[in-house]
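Structure at a glance
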Amino acid sequence: MIKKVLVTGADGFIGSHLCEQLIKQGFLVKAFVFYNSFNSWGWLDSVDSQVLKQIEIFQGDIRDPNGVREALKGCDAVLHLAALIAIPFSYHSPDSYIDTNIKGTLNVLQAARDLGIQKVIHTSTSEVYGTAKYVPIDEVHPVLGQSPYSATKIAADQLAYSFFAAFQQPVTIVRPFNTYGPRQSARAIIPTIITQIAAGNRQIKLGALHPTRDFSFVTDTANGFIAALRATNIAGEIFNLGSEFEISMQDTALMIAQVMGVDIEIVTDAQRLRPAESEVERLFANHQKARHRLQWQPEYLGLDGFKKGIAMTAEWFVNSENLKHYKPQMYNL
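Everything in this summary refers to the structure shown in the same document. (Residues numbered from 1 in each chain as written. Predicted model: local features only at pLDDT ≥ 70, side-chain atom pairs only at ≥ 80, totals over all residues. Heavy atoms only, no water.)

**Remarks on the pattern of salt bridges**
- Scanning the entire structure with this criterion turns up 16 salt bridges.
- Aspartate 157 is the partner of arginine 175 in a salt bridge, and the nearest nitrogen-oxygen pair spans 2.9 Å. In this pair, arginine 175 sits in strand S6 (residues 171–176) while aspartate 157 sits in helix H6 (residues 148–167), placing the two residues 18 residues apart along the sequence. Just as arginine 175 is buried, aspartate 157 falls in that class too.
- Connected through salt bridges with shared partners, the residues Glu127, Arg213, Arg274 and Glu279 form a single ionic network. (Salt bridge = Lys/Arg side-chain N within 4 Å of Asp/Glu carboxyl O. Helix = DSSP H or I, 4+ residues; strand = E, 2+ residues; numbered from the N terminus. Buried < 20%, exposed > 50% of the residue type's maximum accessible area, 1.4 Å probe, protein only.)

**Brief notes about the packing of helix H1 (residues 13–24) against helix H8 (residues 218–230)**
- Look at H1 against H8: their axes get within 9 Å of each other, and the N-to-C directions meet at 60°. Considered as vectors, H1 and H8 are oriented oblique to each other. Where H1 crosses over H8, the two elements pack in a sense that is right-handed. Residue-level contacts link Phe13, Ile14, His17, Leu18, Gln21 and Leu22 of H1 to Val218, Thr221, Ala222, Asn223, Phe225, Ile226 and Leu229 of H8. (Axes fitted to C-alpha atoms, helices over the stretch in contact; angles between N-to-C directions. Parallel < 35°, antiparallel > 145°, perpendicular 65-115°, else oblique. Left-handed = near helix turned anticlockwise from the far one by under 90°. Contact = heavy atoms within 4.5 Å.)

**A closer look at the pairing of strand S1 (residues 4–8)**
- Counting buried residues in S1 gives 5 out of 5 residues, a clear majority hidden from the surface.
- The two faces of S1 match: Lys4, Leu6 and Thr8 on one face and Val5 and Val7 on the other face are all buried.
- By the bridge criterion, 5 bridges tie S1 to strand S2 (residues 28–34) in an arrangement that is parallel. Within the sheet, the bridge partner assigned to lysine 4 lies in S2 and is leucine 28.
- As judged from the 4 bridges shared by S1 and strand S4 (residues 77–80), these two strands associate in the parallel manner. The partner of valine 7 across the bridge, within S4, is leucine 79. (Pairing = 2+ DSSP bridges.)

**A few points about the sheet that holds strand S11 (residues 238–241)**
- Taken in spatial order, the 7 strands make up an open sheet running S3-S2-S1-S4-S5-S6-S11, and their pairing is parallel. The open sheet is flanked by strand S3 (55–60) and S11, the only strands paired with a single partner. Between one strand and the next, the sheet's axes are offset by a mean angle of 20°, whatever the strand orientation.
- When S6 meets S11, the two strands line up parallel, connected through 4 bridges. Across the sheet, residue arginine 175 finds its bridge partner in S11, namely asparagine 240.

**Details of helix H5 (residues 94–115)**
- An ideal rise of 1.5 Å per residue puts 32 Å on 22 residues; H5 measures up with 31 Å between its terminal C-alpha atoms.
- Among the residues of H5, Tyr97, Thr100, Asn101, Ile102, Gly104, Thr105, Asn107, Val108, Leu109, Ala111 and Ala112 are the ones counted as buried.
- One or two positions beyond H5, positive phi appears at glycine 116, with a value near 70°. (Expected span 1.5 Å × (residues − 1).)

**A short note on the environment of proline 94**
- Among the structural elements, proline 94 can be located in helix H5.
- Taking the relative accessible area as the measure of exposure, proline 94 reaches 35% and is therefore partly exposed.
- It is 33 Å that separates the C-alpha atoms of proline 94 and leucine 22, two residues lying 72 residues apart in sequence.

**Let's talk about the packing of aromatic side chains**
- In this structure the tally under the stated criterion is 17 aromatic pairs.
- When the centroid spacing of 5.5 Å and the interplanar angle of 70° are considered together, the rings of tryptophan 43 and tryptophan 316 count as edge-to-face. Taken together, the residues tryptophan 43 in the loop between S2 and helix H2 (49–52) and tryptophan 316 in helix H11 (residues 302–318) connect sequence positions 273 residues apart. Tryptophan 316 shares its class with tryptophan 43; the two are buried.
- A ring pair is formed by phenylalanine 215 and phenylalanine 306, whose centres lie 5.3 Å apart and whose planes are at 5°; its orientation type is stacked. Here phenylalanine 215 is found in strand S10 (residues 215–217), whereas its partner phenylalanine 306 is found in helix H11, with 91 residues between them in sequence. In terms of burial, phenylalanine 215 and phenylalanine 306 fall into one category: buried.
- Directly above the aromatic system of phenylalanine 167 lies the positively charged group of arginine 113, at a separation of 3.7 Å from the ring centroid.
- Geometry around phenylalanine 239 places lysine 289 over its ring, the cationic atom sitting 5.0 Å from the centre. (Phe/Tyr/Trp six-rings, centres within 6.5 Å; stacked < 30°, edge-to-face > 60°. Lys NZ or Arg CZ within 6 Å of the ring centre and 35° of its normal.)

No statement about biological role is implied by the geometric values presented.
Written out as structure tokens, the structure reads:
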């Protein structure tokens, strides 16, 4: 019986929502947050105080093996989300992605193995697939590292699987497609659009407009992790989490403008374009394995679900207390 869970990357976008959902569902939560001299707990600082007081905070660095080991003591399972995720930043600082995404994952796996942790849920990303060779993309689709970020996530996934294959460690890989919602970082497409509109801009600067993505609302993604935590006989398995709905960047921007009740002009900003061979042109999930094996039921499905999620996301961002955390006048790597 899994009672106490360590969440790495708990101070981030998905991690903070996951901690909230875990508390609501009766788990004991230890949140691994990135140590800093400001004593900031990231997005956990903004969650409801009644929820936050139930979360045990551990400040550390995922790159430090001893800190990870100390954090895992007394836990039954670990949900490993800590990672560097911005693709443009990985172009000029790839070494930091090696340390965080690969070595950080190794630290979690080794500590969990030594301590006999009952379950390790490792976070992958749809970016590991590269541009879809067929759709919808299932878990046996080939992987291709089209950016240093995705290459490090492929390596981390393989490392996680190797601990299952070599040591029979109970490791499961959860692979979310593009998650969105309140608290998402400004480097992602949906916050980029919403914050520019909320700041009063009607000429919206974006990168490539033709690529398509499969967007999942953040609570659906969080509940997918928890479904994997509860499921049995899933060691060594990979599970896609997606909405099985595909939309282009241009249509995403136009939909957001419609939801927010404004007319916009979209302008291509050259600095926001990925190198041609690095652009992932199409992502579209097959999530049937998660539905059947994890008993996971996403709520925000199809066009209607996407509009509903966008409305909730926009409502959060336009609140001045939330918008002040963002710099819409700048391009965020």
